[in-house]
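So you can see what is in the structure, the chains are spelled out below.
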Amino acid sequence: MNSSTVNSSASKITIAIDGFSSCGKSTFAREIAARLGYIFVDTGAMYRAVTLFGLRQGAITTQIDTPKLIALLPKVQLTFRFNPARGASDLYLNDENVESQIRSLEVSDWVSRVSQIGAVRTYLVHLQQEMGRHKGIVMDGRDIGTVVFPDAELKIFMTADPQVRAQRRYRELQAKGDPTSLEEVARNLRERDEADQHREISPLRQAQDAVVLDNSHMTVEQQMEWVMQRVAVWM
Ligand code: C5P
């Protein structure tokens, strides 16, 4: 812990962050965790890793073979390991670093359908609840404040202008040399938002006790000021 760390173990809380695709949830959550000395978990990465595994094992081809994908779940071992070069944790699928593969457009195109499968959600929600058992965690996703940690002390629902979101995601992919066009990125975001909001199990919705953060025109530093004021209440 350094001098900017503001929590003590006695006052550790759970921070749940939900919202639309590409709102900057993970960047925001990671920065909060770093400042508080908390664990950060990107649950979208976990759904993406199951999708990648399904594609590799032939359970997802032109459609999803749901029984086959469910049967594969016990073979999915997920761990987050800190990568000092990135200053962030990478996701390992069965001991392989898949951080870059899980961000491909192919995975993005399938993940919202994979995340509709009840058994997949049950499997991952259980892992997520285990990770947060001792509090001191910032978790981002779609159902964190509603399903994974309904008792979280601080719940944030993030949103931003769809065009701003598409531009942000496009720039991120471009920086990695990914040739996906802005139109394709915007289409994928629209489709995922639609699927995530309207699925039967654990749809994306704002928890009643969540505070809304629209970061369309906010810098990361402004977002940090906003959240630290709310966190201070618990410290
Ligand atoms: O956060 P990210 O955009 O990487 O998530 C990818 C997809 O995983 C989402 O579009 C959603 O379908 C699914 N997801 C979910 N529940 C979560 C996190 C992600 O259904 N808690």
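Figured I'd write up the structure that's included with this text. The written sequence of each chain sets the order in which its residues are numbered from 1. It should be noted that, the model being predicted, local features are given only for residues of pLDDT at least 70 and side-chain atom pairs only at 80 or more, the latter also being counted only at that level, while totals for whole chains, interfaces and linings use all residues. Side-chain measures here rest on the full set of heavy atoms in the structure, leaving out hydrogens and waters.

It is worth spelling out the overall build of the protein chain at this point. When you go through the protein chain residue by residue, the secondary structure sums to nine helices and eight strands. Against the globule reference of 18 Å for 235 residues, the protein chain gives a C-alpha radius of gyration of 17 Å, in line with a compact fold. In terms of principal-axis extent, the alpha carbons of the protein chain reach across some 50 × 40 × 35 Å. When accessible area is computed with a 1.4 Å probe and restricted to protein chains, residues below 20% of their type maximum are described as buried, those above 50% as exposed, and intermediate ones as partly exposed. When burial is assessed residue by residue, the protein chain has 49% of its 235 residues classed as buried. When contacts within the protein chain are restricted to residue pairs at least 6 apart in sequence, long-range pairs at least 24 apart make up 73% of them. By element, 51% of the accessible surface of the protein chain is carried by carbon and sulfur atoms, the whole surface being about 11500 Å². We treat Lys and Arg as the positive residues and Asp and Glu as the negative residues; His and chain ends play no part in the count. A single reference atom marks each charge: NZ on Lys, CZ on Arg, CG on Asp, CD on Glu. Placing the 28 positive and 29 negative side-chain charges of the protein chain at their respective mean positions leaves the two points 2 Å apart. For helices the rule is a DSSP run of H or I covering at least 4 residues; for strands it is a run of E covering at least 2, with both sets numbered from the N terminus onward. Only C-alpha atoms enter the radius of gyration; for comparison, a globular chain is expected to reach 2.2 Å times N to the power 0.38, where N is the number of residues. Throughout, a contact is declared for two residues whenever any of their heavy atoms are within 4.5 Å. Using a 1.4 Å probe, accessible areas were evaluated by the Shrake-Rupley method; residue-level cover was limited to the displayed protein chains.

The next subject is the site of the ligand. Residues are counted as near a molecule or strand when any one of their heavy atoms sits within 4 Å of it. In the vicinity of the ligand, 16 residues are found, and the nearest of them are Arg48, Arg121, Arg192, Asp196 and Arg199. Thr43 has a polar side-chain atom sitting 3.0 Å from a nitrogen atom of the ligand. Here a polar contact is taken to be a pair of N or O atoms separated by no more than 3.5 Å, where protein atoms must pair a possible hydrogen donor with a possible acceptor and residues adjacent in sequence count only if both atoms sit in side chains. Asp196 is positioned with one of its side-chain polar atoms (N or O) 2.7 Å from an oxygen atom of the ligand. Considered on its own, the ligand offers 450 Å² of accessible surface; in the complex 96% of this is hidden by protein. Elements that contribute at least two residues to the shell around the ligand include exactly α2 (43-56), α4 (105-114) and α8 (182-198). Ranked by residue count, the leading element in the shell around the ligand is α2, at four residues. Residue type decides the class: Asp, Glu, Lys and Arg count as charged, Ala, Val, Leu, Ile, Met, Phe, Trp, Tyr, Cys and Pro as nonpolar, and the leftover types, Gly among them, as polar. Residue composition of the shell around the ligand, by class: three nonpolar, six polar and seven charged.

To continue, consider the packing of α4 against α8. Direction vectors running N to C along α4 and α8 enclose 20°, while the axes themselves pass 9 Å from each other. One finds that α4 runs roughly parallel with respect to α8. When you trace α4 past α8, the crossing you get is left-handed. Within the contact between the two elements, α4 uses Leu105, Ser108, Asp109, Val111 and Ser112 and α8 uses Glu184, Arg187, Asn188, Glu191, Arg192, Ala195 and Asp196. Among the residues making up the contact of α4 with α8, the classes are represented as three nonpolar, three polar and six charged. In this analysis, axes come from line fits to C-alpha atoms, helices being fitted only over the stretch in contact, and the angle between any two N-to-C directions falls in the range 0 to 180 degrees. Oblique is the label for any angle not covered by the other classes, which are roughly parallel (under 35 degrees), roughly antiparallel (over 145) and roughly perpendicular (65 to 115). Helix crossings are classified by the rotation of the near helix relative to the far one: an anticlockwise turn of less than a right angle makes the crossing left-handed, while a clockwise turn makes it right-handed.

This part covers the sheet that holds strand β3 (residues 78-83). Note: strands within a sheet are paired through backbone hydrogen bonds, in either parallel or antiparallel orientation. Strands qualify as paired when DSSP identifies two bridges or more between them. The three strands lie next to each other as β3-β4-β5, forming an open sheet whose pairing is antiparallel. Two strands in the sheet have a free side with no partner beyond their single neighbour: β3 and β5 (96-97). Pairing of strand β4 (residues 88-93) with β5, which is carried by two bridges, proceeds in the antiparallel orientation. When the bridges of β5 are listed, Leu93 appears paired with Glu96. Sitting on the sheet, α2 touches β3, β4 and β5, and the angle it makes with β4 is about 30°.

Let us now look at helix α7 (residues 162-175). If you check α7, its first and last C-alpha atoms are 20 Å apart, about what 14 residues at 1.5 Å a residue would give, namely 20 Å. Along α7, the residues that are buried comprise Arg165, Ala166, Arg169 and Leu173. The buried side chains of α7 occupy one side of the element, clustering within an arc of 95° when seen end-on. Facing away from the buried side of α7 by over 90 degrees, the exposed positions are Gln163 and Ala175. Looking at the buried positions of α7, the neighbouring elements they touch are α8. Once α7 ends, the next one or two residues include Gly177, with phi positive near 80°. In this analysis, the expected span of each helix is defined as 1.5 Å times one less than the number of residues it contains. This arc is taken over the directions from the axis of the helix to the C-beta atoms.

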